[in-house]
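Examining the three-dimensional arrangement
What follows is the residue order along each chain.
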Amino acid sequence: MHSILEKFITDRTEIGAETLREICSYFHVKETKRNEILLDYNEVCNCYYFINKGCIRLFTLSKDGAEHSRYFAFEGSFATALPSFIDQLPAHEYLQTVQKSELLYISRSDFYHLVDTIPQFARIYTEILELGFIMAQKRIYGFQGSDALEKVKWVLEHQPQLLQKVSNKMVASYLGMAPSILSRLKSKL
C-alpha cells in the first residue's frame, strides 16, 4: 500500500530504510467512492492526502451553484486544502475524489511532527509547496489573455491527464468555459 509513497520519497531524497518505514507508518489507507467529499466547505482541514490511485480535486461553488475547479491531483502526488490545513480556519472550498480512489492520509499533527523531526521529510514538504506554487503560477500566466483554444492547448502541454481522466464538466470549470465549448475544441485537436 505504501510503495508509491516510498518511491515518491526516495526519488526526491536520500533516506534510510528505517526512516522511510517511520514516515510511512504515519500514513493510513482510505478507499473512497467516486465523487466522495473529503472536506466540506465549512470544515477545517486536518489531513494531507497522498494519492495511490485515482484523482482529487479542489473546487468552490458560486452563488448560482456553478462549480469552479481550482486544482487536480493524480496518482503519485499530494493534495489538501492547504490554506485551511496551515491556518486551521474553515476551508471555504471542497476537497473531493473525482473517481474511486485509494488514498494514504496523514493527520496534521503527525504531518508537522515529521516535518519537525525528519529533515528529509521537511525537504519533501518544501518541494511539494514549491511545485504547487510553480504550477499555479504557470496556470495563471498561461491563461492570462488566452482564448479558449489556447487554454485547452496549455492543458494538453502541462496537464494532459486532465483531459484523459476528468469529465469535460470539471475540466471546463477549471478552464473557465462551458463544457460544450471544451467538447468542440477537443474535437478540433
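Structure shown above.
Structure report, in brief. All values reported here derive from a predicted model rather than from experimental measurement. (Residues numbered from 1 in each chain as written. Predicted model: local features only at pLDDT ≥ 70, side-chain atom pairs only at ≥ 80, totals over all residues. Heavy atoms only, no water.)

**Concerning the environment of H158**
Relative to the helices and strands, H158 is located in helix α6 (residues 148-158). In this structure H158 comes out as partly exposed when scored by relative accessible area, which is 26%. Among residues more than four places away in sequence, those in contact with H158 are M135 and K138. (Helix = DSSP H or I, 4+ residues; strand = E, 2+ residues; numbered from the N terminus. Buried < 20%, exposed > 50% of the residue type's maximum accessible area, 1.4 Å probe, protein only. Contact = heavy atoms within 4.5 Å.)

**As for the pattern of salt bridges**
For the structure on display, the rule yields six salt bridges. The salt bridge involving K7 is made with D11; its shortest N-O contact spans 2.8 Å. (Salt bridge = Lys/Arg side-chain N within 4 Å of Asp/Glu carboxyl O.)

**Things to note about unusual backbone geometry**
Glycine aside, residues mostly have negative phi, and peptide bonds are mostly found in the trans state. Phi angles above zero are rare outside glycine, and N35 is one such case at about 65 degrees. By secondary structure assignment, the location of N35 is in the loop between β1 (28-32) and β2 (37-39). Given a relative accessible area of 30%, N35 falls into the partly exposed group. Backbone geometry at Q88 places phi at a positive 60 degrees, although glycine is not the residue there.

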